[in-house]
Amino acid sequence: GNAKLENPSWYIYICHCDGKWGVLDMAGDTLIPFDYDEIEIDDLCSVKTTGSYRAEKYLRCFVKNHSGWGIRDTKDFIMPCCVDTIKSGGAYYIASKENKYGIISYEGKLLTDYVFTTIDQWKTGKYRIVYIDGKMGLLDSKGNWIIPCNYDYISVDMHSRKKFVLVSCNGKYGAWCYNSYKKQWESYLPCDFDEISISDSCNTKFKGLKRYNKKIY
């Protein structure tokens, strides 16, 4: 068969033999068995797990067979081959089935259903913007809903030490705010306004909206 050196500093080979792909170390020992139609190294997780890379212990791969893509390390499957696509997404994996996307933890647990038309690749700290049929929402790093997919636009900008998210729907603007007492996100202002400005001071106020007399958590 043929082989390609995946990364000289890691000392591993992705090899092709009898129509299947596997992974060998420099000594020729098998790290990933030759059972797969395609193999891709999960660079992010493999390097993330240790300061100095050790392929035999920390290698993690995306593997594909007749059932789809899955995730495995040198010992066993982390997630069985069952999805159409999968890639690293920062704090978790982004996978798809039938052109709908979901989020999977690094332990292989499905965190959300496959309901999203798009999951934004732009990572905003602990948060990720998601789309359902053109409407935007926001998830945290565990796949929990922060803001439902009801908005045309979301601006994730943590002003000062206060957590605010500006939202827009049908040309009007509103805001969500993190309630530190309840430890949850809440709708703070409805999408009723033509413009919202937020100061960058600790005494954050919504410009021109004094009649709401809202407390900033």
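Scoring rules and cut-offs
- Residues numbered from 1 in each chain as written.
- Predicted model: local features only at pLDDT ≥ 70, side-chain atom pairs only at ≥ 80, totals over all residues.
- Heavy atoms only, no water.
- Salt bridge = Lys/Arg side-chain N within 4 Å of Asp/Glu carboxyl O.
- Helix = DSSP H or I, 4+ residues; strand = E, 2+ residues; numbered from the N terminus.
- Buried < 20%, exposed > 50% of the residue type's maximum accessible area, 1.4 Å probe, protein only.
- Pairing = 2+ DSSP bridges.
- Core = buried A, V, L, I, M, F, W, Y, C linked by side-chain atoms within 4.5 Å.
- Axes fitted to C-alpha atoms, helices over the stretch in contact; angles between N-to-C directions.
- pLDDT = per-residue confidence, 0-100.
- Contact = heavy atoms within 4.5 Å.
- Phe/Tyr/Trp six-rings, centres within 6.5 Å; stacked < 30°, edge-to-face > 60°.

1. As for the pattern of salt bridges
Under the criterion given, the structure shown has six salt bridges. For the salt bridge of Asp37 with Lys20, the shortest nitrogen-to-oxygen distance reads 2.6 Å. Separated by 17 residues along the polypeptide, Asp37 in the loop between strand S4 (30-36) and strand S5 (38-41) and Lys20 in strand S3 (residues 20-25) bring together distant segments of the chain. With a relative accessible area of 29%, Lys20 lands in the partly exposed category. Between Lys172 and Asp194 there is a salt bridge; the shortest N-O distance is 2.5 Å. With Lys172 in strand S18 (residues 172-179) and Asp194 in the segment after strand S19 (184-193), this residue pair connects regions lying 22 residues apart in the sequence.

2. Re the pairing of strand S7 (residues 68-73)
Within S7, five of the six residues are buried, which leaves it mostly tucked inside the rest of the structure. Pairing geometry for strand S6 (residues 60-65) and S7, over six bridges, is antiparallel. The residue of S7 that forms the bridge with Lys64 is Trp69. Linking S6 to S7, which pair antiparallel, is a turn of two residues.

3. Quick notes on the nonpolar core
Grouped together as the largest cluster of nonpolar side chains are 14 residues, with contacts concentrated most on Leu138, Ile147, Tyr151, Ile154, Val165, Val167 and Trp176. Residues Leu31, Ile41, Cys61 and Cys81 belong to the second largest nonpolar core, which totals 12 residues.

4. A short note on the sheet that holds strand S9 (residues 85-88)
Within a sheet, adjacent strands bond to each other through the backbone by hydrogen bonds, running parallel or antiparallel. Pairing in this open sheet of three strands is antiparallel, and the strands run S9-S10-S11 from one edge to the other. Where the open sheet ends on each side, the last strands, each with one partner, are S9 and strand S11 (100-104). For this sheet the average axis-to-axis angle between neighbouring strands, irrespective of direction, equals 25°. Where S9 and strand S10 (residues 93-97) come together, four bridges link them in antiparallel fashion.

5. What to know about the confidence of the model for the protein
Scored by pLDDT, the protein has a mean of 80; 74% of the residues are at 70 or more. Within the model, pLDDT remains below 50 along residues 47-53, and this stretch shows 10 contacts once partners closer than five positions in the same chain are excluded. Segment residues 202-217 is flagged for pLDDT under 50; beyond a separation of four residues in sequence, or across chains, it makes 43 contacts in the model.

6. Overview of the sheet that holds strand S8 (residues 77-83)
Here four strands make up an open sheet; going across it, the order is S5-S6-S7-S8 and the pairing antiparallel. Of all the strands in the sheet, the pair left with one neighbour each is S5 and S8. Adjacent strand axes in the sheet meet at a mean angle of 20°, parallel and antiparallel pairs treated alike. With four bridges joining them, S5 and S6 adopt antiparallel strand pairing. Counterpart to Ile41 in the pairing with S6 is Cys61.

7. Quick notes on the packing of aromatic side chains
In the structure shown here, the tally under the stated rule is six aromatic pairs. Summarising the aromatic geometry, the rings of Tyr127 and Trp185 are spaced 6.0 Å apart at their centres and angled 85° between planes, so their arrangement reads as edge-to-face. Here Tyr127, found in strand S13 (residues 127-132), pairs with Trp185, found in strand S19; they are 58 residues apart in sequence, far enough to count as distant. Classification of Tyr127 by relative accessible area gives buried; the value is 11%. On the accessibility criterion, Trp185 (14% relative accessible area) is buried. Put simply, the rings of Phe62, Tyr93 and Tyr106 touch in pairs and so form one group of aromatic residues.

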